[in-house]
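Structure assessment
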Amino acid sequence: MQKIIAPSIGTTLDRFIKNRQLHFPYATGELSQLLQDIALACKILNRDVNKAGLVDINGDLGNFNIQGEAQQKLDVIADDRMIRALTNGGQVCAILSEERDELIEVNNESHYIVAMDPLDGSSNIDVGVSIGTIFSIYRRLSEPGEPVNTKDVLQKGKNQIAAGYVLYGSSTMLVYTTGYGVNGFTYEPSLGEFVLSHQNIRSPENGKIYSINEGGYRSFENPIREYINFCKDQKYSARYVGSLVSDFHRNLIKGGIYIYPKSNQAPHGKLRLMYEANALAFIAEQSGGMASDGCTRIMEIQPIEFHQRSPLFIGSKNMVIKALSYID
Ligand SMILES: O=P(O)(O)OC[C@H]1O[C@](O)(COP(=O)(O)O)[C@@H](O)[C@@H]1O
Ligand SMILES: [Mg+2]
Ligand SMILES: [Mg+2]
């Protein structure tokens, strides 16, 4: 046979998902299709993000979401893109979105529920800084055909079937887990494909980067201030993009800790448990890292509200343990 000399482009996301599905003889293909629907929505969103400075995408809409935050145009575009792709794909029975007060009911015959942050890092949209999309996937507890109820949605993070994010940065990457390790795929625009570039990502147990908005230093509780001082004494690098996905991803690859603590202004922290903290906690743990709210493992927290907030300590295992040692 003639020798193949063309450089391989690597494994595409679709092929990777298909190959993985073969490991699960009972698999129906629903989850595989759902992951591909999310990837498709993010490919289209990537195109919108790349032109975020242009008039029809730029600026806020003058509306406020249930969090009381001004909705940026791209927040709503991202929300629409994701909901459209998930609805057309038909593999979800309900969607919980940061940008919608209520649950969106879709195909009641399906097994899966998606909780999502369609556009993470909204304050960075108009200034060309990296932003992301975050998603969590759960299997409903009620039977297909029955009405979806809050119990189906308000499940602990440890019940996630899959979770991931897409980072729209210097390159666009999709990183996800189904509970069997973490893999990263870089978007190849000329092919329109996500290609496996980071196989079986392992988070370094130690790091030299800490990510926290020190502008809130005076409103942080003493243990947080002491940990920040410890990081300074260790001459760690302070890195804070202000987009959770970007800060988390950098620390996942290089080693580091991201902290969004509770404070006088934010008694429960800022980030949302269902579609920010839980998803990244699953990725962190699957890559050997750790995620806590300061006293409880994030994935063990029983959610009580769709949009509830939680303090977040996440990243390299030994750094999170060290930070928590100041709180105990
Ligand atoms: O400006 P602050 O208070 O540091 O908050 C920044 C954090 O808020 C967020 O922007 C919240 O996410 P959204 O942009 O999805 O609302 C995170 O991405 C980021 O880490
Ligand atoms: Mg967010
Ligand atoms: Mg958001």
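Residues numbered from 1 in each chain as written. Chains lettered and ligands numbered in written order. Predicted model: local features only at pLDDT ≥ 70, side-chain atom pairs only at ≥ 80, totals over all residues. Heavy atoms only, no water.

1. Some remarks on the nonpolar core
Within soluble globular proteins, side chains that are nonpolar generally end up buried alongside one another. Of all hydrophobic cores here, the largest spans 40 residues; its most connected members are L34, I137 and Y176. Broken down by element, the residue count for this core peaks at nine residues, all from helix α2 (residues 30-50). The residues touching L34, leaving out its near neighbours within four places in the chain, are L86, Q91, V92, Y112, V114 and I137. Counting 29 residues, the second-largest nonpolar core is a separate cluster that includes I134, V182, A279 and A291. (Core = buried A, V, L, I, M, F, W, Y, C linked by side-chain atoms within 4.5 Å. Buried < 20%, exposed > 50% of the residue type's maximum accessible area, 1.4 Å probe, protein only. Helix = DSSP H or I, 4+ residues; strand = E, 2+ residues; numbered from the N terminus. Contact = heavy atoms within 4.5 Å.)

2. Let's talk about the site of ligand 1
Taken together, 17 residues surround ligand 1, and among them D120, N213, Y240, L244 and Y260 come closest. Taking D117, its side chain carries an N or O atom lying 2.9 Å from an oxygen atom of ligand 1. Between ligand 1 and L244 there is a distance of 2.8 Å, counted from an oxygen atom to a backbone nitrogen or oxygen. Relative to its free-state accessible area of 480 Å², ligand 1 is covered by the protein chains to the extent of 88%. With three residues, strand β5 (residues 112-120) is the largest single contributor of residues to the shell around ligand 1. Class assignment for the residues of the shell around ligand 1 results in five nonpolar, five polar and seven charged. Here the shell around ligand 1 spans two domains, since at least three of its residues come from each of domain 1 (13-198) and domain 2 (209-327). (Near = heavy atom within 4 Å. Polar contact = N/O pair within 3.5 Å; in protein donor to acceptor, adjacent residues only side chain to side chain. Areas by Shrake-Rupley, 256 points an atom, 1.4 Å probe, with all protein chains shown as cover. Nonpolar A, V, L, I, M, F, W, Y, C, P; charged D, E, K, R; others polar. Domains from an automatic or database assignment.)

3. Some details on the sheet that holds strand β8 (residues 172-177)
One open sheet holds the eight strands; their spatial order is β4-β3-β5-β6-β7-β8-β9-β10, and the pairing between them is mixed. Strands with a single pairing partner mark the edges of an open sheet, and in this sheet they are β4 (104-105) and β10 (193-198). Sheet topology places strand β3 (residues 92-97) next to β5; five bridges connect them, and they run parallel. Residue pairing for β5: A94 is matched across the bridge by I113. Together, β3, β4, β5 and β6 (131-139) form the strand contacts of helix α3 (residues 73-89), whose direction differs from that of β5 by roughly 155°. (Pairing = 2+ DSSP bridges. Axes fitted to C-alpha atoms, helices over the stretch in contact; angles between N-to-C directions.)

4. Some thoughts on the coordination of the magnesium ion (ligand 2)
Distances from the magnesium ion (ligand 2) to its protein donors, namely D117 (OD), D120 (OD) and E276 (OE), fall within the range 1.9 to 2.1 Å. The two metals, the magnesium ion (ligand 2) and the magnesium ion (ligand 3), are separated by 3.7 Å and share D117 as a common coordinating residue. Both residues of the pair, D117 and D120, count as buried. (Donors = N, O, S within 2.8 Å, 3.2 Å for Na, K, Ca; no water.)

5. Some thoughts on the domain arrangement of the protein chain
Split into domains, the protein chain comes out as domain 1 (13-198) and domain 2 (209-327). Here the C-alpha centroids of domain 1 and domain 2 sit 22 Å apart. Between domain 1 and domain 2, the contact holds 50 residues from the first and 33 residues from the second. Of all residues in domain 1, the largest losses of buried area upon contact with domain 2 belong to L154, K156 and Y165, amounting jointly to 21% of the total for that side. If you look at where domain 1 meets domain 2, you find four salt bridges. Between E98 and R272 there is a salt bridge; the shortest N-O distance is 3.2 Å. Contributions of two or more residues to the side of domain 1 that touches domain 2 are made by β3, β5, β6, α4 (150-153), β7 (162-168) and β8. Counting residues per element, the side of domain 1 that touches domain 2 draws most heavily on β6, which supplies seven residues. Per-class residue counts for the side of domain 1 that touches domain 2 are 23 nonpolar, 19 polar and eight charged. (Buried area = accessible area lost by both parts, 1.4 Å probe. Salt bridge = Lys/Arg side-chain N within 4 Å of Asp/Glu carboxyl O.)

6. Looking at the packing of helix α1 (residues 13-21) against α2
Put simply, α1 and α2 touch, their axes get as near as 10 Å, and they point 165° apart. The angle between the axes of α1 and α2 places the two elements in the roughly antiparallel class. For the pair α1 and α2, the sense of crossing is right-handed. Within the contact between the two elements, α1 uses L13, D14, I17, K18 and Q21 and α2 uses S32, L35, Q36 and A39. Considering only residue class, the contact of α1 with α2 consists of four nonpolar, three polar and two charged. (Parallel < 35°, antiparallel > 145°, perpendicular 65-115°, else oblique. Left-handed = near helix turned anticlockwise from the far one by under 90°.)

7. Considerations on the UniProt feature "binding site: substrate" (unreviewed entry) in the protein chain
Annotation from UniProt places "binding site: substrate" (unreviewed entry) at D120, G121, S122, S123, N213, Y240 and K270. Relative to the assigned elements, G121 resides in the loop between β5 and β6. Its location among the elements puts N213 in the loop between β11 (209-211) and α5 (222-233). Among the polar contacts listed, one links the side chain of N213 to the backbone nitrogen of G215, at a separation of 2.9 Å. (UniProt positions renumbered as here; feature names shortened; annotations may be inferred.)

8. Thoughts on the coordination of the magnesium ion (ligand 3)
For a metal with four tetrahedral donors the ideal donor-metal-donor angle is 109.5 degrees, while six octahedral donors give ideal angles of 90 or 180 degrees. Every protein donor of the magnesium ion (ligand 3) is accounted for by E98 (OE), D117 (OD) and L119 (O), and the metal-donor separations fall at 2.0 to 2.2 Å. Sequence spacing among the residues donating to the magnesium ion (ligand 3) works out to E-x18-D-x1-L.

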